[in-house]
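# Notes for the structure review
Next come the chains, spelled out residue by residue.
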Amino acid sequence: MRVSVLGSDLVLDERSLDADPDEVREQVREYERGERRSFDLPIRFPDTFTGRVMRAMAAIPYGETRTYGDLAADLDTAPVAVGGACGRNPVPLVVPCHRVVGSDGDLRGFSAADGVACKRRLLDFEAERA
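Attention in this report is confined to the structure presented alongside it.

Reading the values: rules and limits
- Residues numbered from 1 in each chain as written.
- Predicted model: local features only at pLDDT ≥ 70, side-chain atom pairs only at ≥ 80, totals over all residues.
- Heavy atoms only, no water.
- Buried < 20%, exposed > 50% of the residue type's maximum accessible area, 1.4 Å probe, protein only.
- Helix = DSSP H or I, 4+ residues; strand = E, 2+ residues; numbered from the N terminus.
- Pairing = 2+ DSSP bridges.
- Salt bridge = Lys/Arg side-chain N within 4 Å of Asp/Glu carboxyl O.
- Polar contact = N/O pair within 3.5 Å; in protein donor to acceptor, adjacent residues only side chain to side chain.
- Contact = heavy atoms within 4.5 Å.
- Core = buried A, V, L, I, M, F, W, Y, C linked by side-chain atoms within 4.5 Å.
- Arc of directions from axis to C-beta.

## Quick notes on the pairing of strand E1 (residues 2-5)
- Of the two faces of E1, the one lined by Val3 and Val5 is fully buried and the one lined by Arg2 and Ser4 carries no buried residue.
- Two strands pair when backbone bridges link them, and E1 and strand E2 (residues 8-11) are joined in this way by 4 bridges, in the antiparallel orientation. From the neighbouring strand, Arg2 faces E2, where its bridge partner is Val11.
- Between the end of E1 and the start of E2, which pair antiparallel, lie 2 residues, with Leu6 showing a positive phi angle near 50°.

## Focus on the pattern of salt bridges
- Taken as a whole and assessed by the stated rule, the structure comprises 14 salt bridges.
- For the salt bridge of Asp40 with Arg36, the shortest nitrogen-to-oxygen distance reads 3.1 Å.
- For Asp40, a relative accessible area of 55% translates into the label exposed.
- By relative accessible area, Arg36 is classed as buried at 13%.
- The salt bridge partner of Asp106 is Arg108, with a shortest N-O separation of 2.6 Å.
- Its relative accessible area of 38% is what places Asp106 among the partly exposed residues.
- When its relative accessible area of 39% is taken as the criterion, Arg108 is described as partly exposed.
- Here the residues in one salt-bridge network are Glu26, Arg29, Arg33 and Glu35, joined through shared partners.

## Here's the deal with the side chain of Ser8
- Among the structural elements, Ser8 can be located in strand E2.
- Here Asp114 takes part through its side chain, which lies 2.6 Å from a polar atom of the side chain of Ser8.
- Residues contacting Ser8, with those up to four places away along its chain left out, are Val3, Ala112, Asp114, Cys118 and Arg121.

## What about the nonpolar core?
- Counting 37 residues, the largest nonpolar core has Val5, Tyr31, Met57, Cys86, Leu93 and Leu122 as the members making the most contacts within it.
- Those elements giving two or more residues to this core turn out to be E1, helix H1 (21-32), helix H2 (49-58), helix H3 (68-75), helix H4 (79-87) and helix H5 (116-129).

## Focus on H4
- Of all the positions in H4, only Val82, Ala85 and Cys86 are classed as buried. The buried residues of H4 occupy an angular sector of 105° when the element is viewed end-on, so they sit on one face. Turned more than 90 degrees from where H4 packs its buried face, Val80 and Gly87 sit exposed.
- Buried residues along H4 sit against H2, H3 and strand E4 (100-101).

Here is the structure:
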């Protein structure tokens, strides 16, 4: 499913959400209006390393960031492995992989159509409202 947020298109894998697409789109609109800080959607976390990283990302509060190294330390793995799992996140925004940044503050990548530019907009948007 495609959703638009802050001028960017994101692709969300519907198989990873146990929710009606209309409800997903409504919650994304609420987020964009500043009315929602987290998503109340049942997520099907995979029973894999990616699922572990997704759970860690889901715990990052609105308006905050963590580094790839922070998550790697929590999960007893390497930052590059965390980065790979972030890139495999099937539900960006819902599981906020945009809140994971490099130790030097570099944004690295993001799966939206315009990549890092969207990640910057999402982080700035949340910082202004946190």
